[in-house]
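Structural characterization, general
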Amino acid sequence: MNRDPSLASLLAVIHFEWTIRRSIIALGESPNVKVREKLQHCHGHDKYKDVWKDEVFPKVQILLPKAVKDWESLIRSFKLRHKLVHGISSCGYDYAKDRVDGAINAAVDIREICVAHKVDLDSRLPVRRQLKE
């Protein structure tokens, strides 16, 4: 964070995306293959919100913007990520700090839900297969 706030910002959002994708696979209701298909073109907070609603909400009964305690902060983190990735701007420590914290805290919020549902995101994820007809 001190040496390269832009890189810290990108890594924080990458960590959130890794966390949210694995949590959707683990907590989702559809077979893993179907969930992975839905996630294949899923990028950005709004898309994750939609897939979470379809797959995870029926099980956990909480929508993603409520699961992430500071949803607006996560949105700001994604906006900065977009600007950095596409070379629109850079950022300094003070600007990046809140965005890094927002993405990391959002990942922590998701991990807490996973723990409550006995899912370890750092282990092999549960496998749900499609029933053969």
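All of these numbers come straight from a predicted model, not from anything done at the bench.

**Topic: the overall build of the protein**
- Secondary structure summary: the protein contains 7 helices and 0 strands in total.
- Along the protein, helices (α) and strands (β) appear in the sequence α-α-α-α-α-α-α when read from the amino end.
- Against the globule reference of 14 Å for 133 residues, the protein gives a C-alpha radius of gyration of 16 Å, in line with a compact fold.
- Considered along the principal axes of its C-alpha atoms, the protein spans approximately 55 × 30 × 25 Å.
- A total of 133 residues make up the protein; the buried ones form 42% of that total.
- Here the analysis covers contacts within the protein between residues at least 6 apart in sequence; of these, 73% occur between residues at least 24 apart.

**Digging into the side chain of serine 73**
- Counting through the fold element by element, serine 73 comes out in helix α6 (residues 71-85).
- Those residues within four positions of serine 73 in sequence are excluded, and the remaining contacts are Asp98 and Gly102.

**A closer look at the environment of leucine 7**
- Within the secondary structure, leucine 7 is located in helix α1 (residues 5-27).
- When the C-alpha positions of leucine 7 and valine 100 are compared, they lie 9.8 Å apart, and in sequence the two are 93 residues distant.

**Thoughts on the state of the cysteines**
- Inspection of every chain in the model, using the stated rule, returns 0 disulfides.
- Take cysteine 42: it sits in no disulfide, and the sulfur closest to it among the cysteines is that of cysteine 114, at 15 Å.

Rules used in this analysis
Residues numbered from 1 in each chain as written. Predicted model: local features only at pLDDT ≥ 70, side-chain atom pairs only at ≥ 80, totals over all residues. Heavy atoms only, no water. Helix = DSSP H or I, 4+ residues; strand = E, 2+ residues; numbered from the N terminus. Rg over C-alpha atoms; globule rule 2.2 N^0.38 Å. Buried < 20%, exposed > 50% of the residue type's maximum accessible area, 1.4 Å probe, protein only. Contact = heavy atoms within 4.5 Å. Disulfide = S-S within 2.5 Å.

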